Amino acid sequence: RKEVEQDPGPFNVPEGATVAFNCTYSNSASQSFFWYRQDCRKEPKLLMSVYSSGNEDGRFTAQLNRASQYISLLIRDSKLSDSATYLCVAGDSGGYQKVTFGTGTKLQVIP
Amino acid sequence: DTGVSQNPRHKITKRGQNVTFRCDPISEHNRLYWYRQTLGQGPEFLTYFQNEAQLEKSRLLSDRFSAERPKGSFSTLEIQRTEQGDSAMYLCASSLPGYNSPLHFGNGTRLTVT
C-alpha cells in the first residue's frame, strides 16, 4: 500500500463546477499536510497547507480528517486555469521530517 | 530571484556516463531534499539533508547515486554509470525547520539517458 494515495483521475469538469479530491495517508504519525499544484512538465508549487480545523483560500477549501486519515481539497467555481495535477502531501513530525507525495490527481476544466 | 535554483535544466547523456546536478536552496532554508519524478507519478523521495548532514537516503537510491551538501548551502547529486532507467526529472526542494514548513521546489533537472 502506498503511503499517500490519490485517485489519478482525470477529472474532467465544466467551467464553473465544483470538484473535490480526496487523499488517504497510511502513516498515523503524519503531522503536516499540504496540497501542491503541478502544471505539465513544471515543478510542484504549494497550493495550500492543510490545518486540523480546515482552511479556505479563496475558491479552495482543504479539510483534514485524522480519524479516517484522509485529506480533501474542494475547488469551487472551477476556472480553465485550474487545469493541473494536484498532489497530496503528508509529512511526519520526527527529527527527520519525511515528506511523502501522492501520485497526483489530474484535473481538466473544460470550457 | 530568491527561489530554489537547479542546474542544468536539461541533461542528455549516453548510458554509462556520469552526470552531476546542482541545487542552490533558498538561503535561510536548512533542509534540502532531492526527489525524482517520472511521467504520471508523484515525486519520489531520494535523500534529505539538514544543514550539511545527510540524514536519510531512500532505498531507491542505488550505490550509483551520491549526494553532498558540503557547507550546508548548495547540494550536488551525482549519478555514476547512468542507465536508461535513470531518465527522469530530478527535483530539489528546500524548507525552513519545523514540521509545518512546506517544501519549495526548484525548476528541476530533466535527465535523458540514451
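Residues numbered from 1 in each chain as written. Chains lettered and ligands numbered in written order. Predicted model: local features only at pLDDT ≥ 70, side-chain atom pairs only at ≥ 80, totals over all residues. Heavy atoms only, no water.

Novice: Which parts of the structure should I look at to understand the nonpolar core?
Specialist: One broad rule of soluble globular proteins: the nonpolar side chains tend to lie buried together. Of all hydrophobic cores here, the largest spans 23 residues; its most connected members are A:Phe21, A:Trp35, A:Ile71, A:Leu73, A:Ile75, A:Tyr86 and A:Leu107. Sequence-distant contacts of A:Phe21, defined by excluding residues within four places in its chain, comprise A:Phe11, A:Trp35, A:Ile71, A:Ser72, A:Leu73, A:Ile75, A:Tyr86, A:Thr105 and A:Leu107. By size, the runner-up hydrophobic cluster in this structure holds 19 residues, among which are B:Val19, B:Leu32, B:Trp34 and B:Leu61. (Core = buried A, V, L, I, M, F, W, Y, C linked by side-chain atoms within 4.5 Å. Buried < 20%, exposed > 50% of the residue type's maximum accessible area, 1.4 Å probe, protein only. Contact = heavy atoms within 4.5 Å.)

Novice: Even after reading the chapter, I still don't get the state of the cysteines, so can you show me in this structure?
Specialist: A covalent bond bridging the sulfur atoms of two cysteines is what the word disulfide describes. Summed over all chains, the structure comprises 2 disulfides over all chains. The disulfide bridge from A:Cys23 ends at A:Cys88, spanning 1.9 Å between sulfur atoms. Across the disulfide from A:Cys23 to A:Cys88, rotation about the S-S bond amounts to roughly -75°, and the bridge is consequently left-handed. Of this pair, A:Cys23 sits in strand S3 (residues 19-25) while A:Cys88 sits in strand S9 (residues 84-92); the two residues are 65 residues apart in sequence, bridging distant segments of the chain. Across the pair, exposure class does not vary: A:Cys23 and A:Cys88 are buried alike. The disulfide partner of B:Cys23 is B:Cys92, and the S-S distance across this bridge is 1.9 Å. In this structure the cystine formed by B:Cys23 and B:Cys92 twists about its S-S bond by roughly -65°; its chirality is therefore left-handed. Of this pair, B:Cys23 sits in strand S3 (residues 19-24) while B:Cys92 is found in strand S9 (residues 88-95), placing the two residues 69 residues apart along the sequence. The exposure class of B:Cys92 is buried, given its relative accessible area of 0%. (Disulfide = S-S within 2.5 Å. Helix = DSSP H or I, 4+ residues; strand = E, 2+ residues; numbered from the N terminus.)

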